[in-house]
Amino acid sequence: QSVLSVQKTMNPKRPCKRFILYYHDILLNGTDTSNATSAAATTPTKLGDFVFGLLVVFDDPVTKNQNPQSPPAAQAQGFYFYDMKTTYNAWFAYTLIFNSTEHKGTINIMGADMMMEKTRDLSVVGGTGDFFMARGIATFETDAVEGFKYFRLKMDIKLYECY
Amino acid sequence: QSVLSVQKTMNPKRPCKRFILYYHDILLNGTDTSNATSAAATTPTKLGDFVFGLLVVFDDPVTKNQNPQSPPAAQAQGFYFYDMKTTYNAWFAYTLIFNSTEHKGTINIMGADMMMEKTRDLSVVGGTGDFFMARGIATFETDAVEGFKYFRLKMDIKLYECY
Amino acid sequence: QSVLSVQKTMNPKRPCKRFILYYHDILLNGTDTSNATSAAATTPTKLGDFVFGLLVVFDDPVTKNQNPQSPPAAQAQGFYFYDMKTTYNAWFAYTLIFNSTEHKGTINIMGADMMMEKTRDLSVVGGTGDFFMARGIATFETDAVEGFKYFRLKMDIKLYECY
């Protein structure tokens, strides 16, 4: 048994690593391929009026501040889909890919994005590179919405297993 | 290093938390939007005769007993798709959302649902709220099937990491 | 607290279990259902020229050597989709299903497959059966590509939590 260096804190208030990032999603409207960073891979089903079943694949920039033009700290690659018939609500699975002087590696995240809640928690289920074997919580908060054209999420990533 | 309270039992027979839940899936048949709790986001491919590639998004009630009309203990939000050409077989990823006096929080689950096996194990890959940082096993058992209209799964959720 | 037997090594160079497997994907071209092991569940979007949004469901054999005709060591069931507008790039979530005299159980994996990198790491987020509660890293390396007809990945699976 050889443990290099382990930091494990199971106090929700004391993650061993934390960063706050802003996720920017610009959905393809059919023509604006130069700006768009995501596109719908399916069409909405007939279940309710909130695009139930619409699945969006994304390769979205993630930045340290709210400005979408600020330099990306990471890319978020993955998908989300809408899954409620009574309101807008989504489910996400994606990878944060870091490739900077600061961080190299990935963080894998999945969970429910209950958009009607002020904040909601998803699971950090794994990591690679600088985030080798990480686990934790990703807290989402909607930061801006412009219809189906653009939305911004604040992602508060807290790791409780750091190696 | 600050560990609040950790219970970790790695004996498969001795989970630190366990609950048995019934999952009810009523697939939209094109018109019955009032009862339906799930809908097909894609159409089957031409690979075999078992709807290979059909992907279903769901927001399904989960109850403590087999009766679909009993009060929901949680919501299951996520998706499954069929993925074999020689038999019905599926793959699931979803979140159990608890919002009751008993439990508040989520449990994230993914894995293969080999429908032809009597029971099959999926992974609990994370949790939030009352299930902060949980990991474990979700054992599926088919409890009822009515064609593509309705099916019920018994989900035996066993957590081996509880904080 | 009852721990049956735990092996936990957090040195990236010293997994507690490791195996190298080859994944073979033969995409349905519309007619060849006898050989095909995967099929496109969606069509590409208009975002870029690299089939952004194309989602493929697979039930692929996994073998111990490069020969697709060698006896399967496991089945890989899950999906991938393409997610970049400037190059071919994918995202995977799947289950390795072992059902041999050697191993019985499953391993659940998700993460980004940055195809332009020589090797890329995904997360092993859970396991069942012989791989009860496993976690680790799956390193992908492209081993062969024949357009959209066939590709082969070398998967170097390293577990760091073994029970």
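Bear in mind the structure is a predicted one, so any value in this text is a computation, not a measurement. One numbering rule holds for all chains: residues counted from 1, following each sequence as written. Whichever chain is written first becomes A and whichever ligand is written first becomes 1, with later ones labelled in order. Thresholds applied to this predicted model are a pLDDT of at least 70 for local features of residues and 80 or more for the giving and counting of side-chain atom pairs; totals over whole chains, interfaces and linings are not thresholded and use all residues. The side-chain values count all of the structure's non-hydrogen atoms but skip hydrogen atoms and water molecules.

So, about the overall build of chain A. When you go through chain A residue by residue, the secondary structure sums to zero helices and 10 strands. Each helix (α) and strand (β) of chain A, taken in turn from the N terminus, gives the series β-β-β-β-β-β-β-β-β-β. Each radius of gyration reported is based on C-alpha atoms, and the globular scaling rule is 2.2 Å times the count of residues to the power 0.38. Relative to its length of 163 residues, chain A is compact, with a C-alpha radius of gyration of 16 Å against a globular reference of 15 Å. Across its three principal directions, the C-alpha atoms of chain A cover 55 × 35 × 25 Å. Working definition: helices are DSSP H or I runs of at least four residues, strands are E runs of at least two. Numbering for both runs from the N terminus.

Looking now at the state of the cysteines. Residues and elements named next belong to chain A. To count as a disulfide, a pair of cysteine sulfur atoms needs to be within 2.5 Å. All chains considered together, the criterion is met by three disulfides over all chains. Here Cys-16 is linked by a disulfide to Cys-162, with a sulfur-sulfur distance of 2.0 Å. One disulfide, between Cys-16 and Cys-162, carries an S-S torsion of 85° and so falls in the right-handed class. With Cys-16 in the loop between strand E1 (7-8) and strand E2 (17-26) and Cys-162 in strand E10 (residues 150-162), this pair connects stretches of sequence that are 146 residues apart. Here Cys-162 falls in the buried class, since its relative accessible area comes to 9%. Classification of residues uses two cut-offs on accessible area relative to the type maximum, computed with a 1.4 Å probe and protein chains only: under 20% is buried, over 50% is exposed, and between them is partly exposed.

The next subject is the pattern of salt bridges. Oppositely charged side chains may form a pair once their charged atoms are brought near each other. Whenever Lys or Arg places a side-chain nitrogen within 4 Å of a carboxyl oxygen from Asp or Glu, that contact is recorded as a salt bridge. Inspection of the entire model under this criterion finds 21 salt bridges over all chains. Close ionic contact of Arg135(B) with Glu161(C) constitutes a salt bridge, the shortest N to O distance being 4.0 Å. Of this pair, Arg135(B) sits in strand E9 (residues 135-146) while Glu161(C) is found in strand E10 (residues 150-162), placing the two residues in two different chains. Assessed through its relative accessible area of 2%, Glu161(C) is described here as buried. A salt bridge links Arg152(B) to Asp143(B), with the nearest nitrogen and oxygen atoms 2.8 Å apart.

Turning next to the interface of chain A and chain C. Each side of the interface is counted separately: chain A has 42 residues, and chain C has 33 residues. Summing both sides of the interface, chain A and chain C together bury roughly 2900 Å²; the carbon and sulfur share of this comes to 66%. In this assembly, chain A and chain C are joined by one salt bridge. Residues adjacent in sequence count toward polar contacts only when both atoms are side-chain atoms; beyond that, a polar contact is any pair of N or O atoms within 3.5 Å, and within protein one must be able to donate a hydrogen and the other to accept it. In this structure, the connection of chain A to chain C is made through 12 residue pairs in polar contact (both at pLDDT 80 or more). Residue assignment for the side of chain A that touches chain C shows that the elements contributing at least two residues are strand E3 (38-40), strand E4 (55-63), strand E5 (72-82), strand E6 (90-99), strand E7 (104-113) and strand E8 (119-129) of chain A. Ten residue types, Ala, Val, Leu, Ile, Met, Phe, Trp, Tyr, Cys and Pro, are classed as nonpolar, four, Asp, Glu, Lys and Arg, as charged, and the remainder, Gly among them, as polar. Class assignment for the residues of the side of chain A that touches chain C results in 21 nonpolar, 17 polar and four charged. The criterion used for residue contact is that any of the two residues' heavy atoms lie within 4.5 Å. A simple way to read buried area is as the amount of 1.4 Å-probe accessible surface that goes missing from two parts once joined, with both sides added.

Glancing now at the environment of Pro68(C). Residue and element names in this part refer to chain C. Its location among the elements puts Pro-68 in the loop between strand E4 (55-63) and strand E5 (72-82). Distance from Pro-68 to Tyr-23, taken between C-alpha atoms, is 8.4 Å for residues 45 residues apart in sequence. Contact partners of Pro-68, with chain neighbours within four places excluded, come to His-24, Thr-63 and Tyr-150.

Next up on the list: the interface of chain B and chain A. Each partner contributes residues to the interface: chain B has 41 residues there, and chain A has 33 residues. The tally of links between chain B and chain A comes to one salt bridge. Viewed at the interface, chain A and chain B are joined by 12 residue pairs in polar contact (both at pLDDT 80 or more). Elements with a minimum of two residues in the side of chain B that touches chain A: strand E3 (38-40), strand E4 (55-63), strand E5 (72-82), strand E6 (90-99), strand E7 (104-113) and strand E8 (120-129) of chain B.

All right, on to the relation of the copies chain B and chain A then. Turning one copy of the chain about an axis and sliding it along that axis gives the other copy, so a rotation and a shift relate them. Here chain B sits on chain A after a turn of 120° about the axis and a move of 0.0 Å along it, with an RMSD of 0.0 Å. On the angle and the small slide along the axis, the relation comes out as a three-fold axis. When each C-alpha of chain B is compared by its distance to the rotation axis, Val125(B) comes out closest, at 3.5 Å. When the interface residues of chain B are mapped onto chain A, a mere 17% of them are again interface residues, pointing to distinct binding faces. The superposition of copies rests on a least-squares fit of C-alpha positions from residues with pLDDT of 70 or more in both.

Aromatic ring pairs are reported here in terms of the distance separating the ring centres and the angle at which the planes meet. Pairing of aromatic rings covers Phe, Tyr and Trp, the last counted by its six-membered ring, and requires centre-to-centre distances within 6.5 Å; plane angles under 30 degrees mean stacked, over 60 mean edge-to-face, and any other angle means tilted. Within the structure shown, the criterion is met by 78 aromatic pairs over all chains. When the centroid spacing of 5.7 Å and the interplanar angle of 65° are considered together, the rings of Phe79(A) and Trp91(C) count as edge-to-face. Taken together, the residues Phe79(A) in strand E5 and Trp91(C) in strand E6 (residues 90-99) connect one chain to another. Taken individually, Phe79(A) and Trp91(C) each receive the classification buried, so the pair is uniform in this respect. Here the aromatic rings of Tyr80(C) and Phe151(C) are separated by 5.7 Å at their centres, their planes lie at 70°, and the arrangement is edge-to-face. Of this pair, Tyr80(C) sits in strand E5 while Phe151(C) is found in strand E10, placing the two residues 71 residues apart along the sequence. The residues Tyr80(C) and Phe151(C) share a single accessibility class, namely buried. A connected cluster of aromatic rings, assembled from ring pairs, spans Tyr23(A), Phe50(A), Phe58(A), Tyr80(A), Tyr82(A), Tyr88(A), Phe92(A), Tyr94(A), Phe140(A), Phe148(A) and Phe151(A).

Time to look at the layout of surface pockets. In this structure, the largest pocket spans a volume of roughly 960 Å³. Lining the largest pocket are 42 residues, with Asp59(B), Ala74(B), Gln75(B), Gln77(B) and Ile97(B) positioned closest to its centre. Counting residues per element, the ones that place at least two in the lining of the largest pocket are E8 of chain A together with strand E2 (17-26), E4, E5, E6, E7 and E8 of chain B. Here the element with the most residues in the lining of the largest pocket is E5(B); it accounts for five residues. Here a cavity is any set of points on a 1 Å grid over the protein atoms alone where a 1.4 Å probe fits but cannot get out, and a pocket is any open set with protein on both sides within 12 Å along at least 5 of 7 lines; a residue lines the site when it has an atom within 4 Å of a point. Grid points are joined across faces, edges and corners, and a volume is the space filled by probe spheres set on the points.

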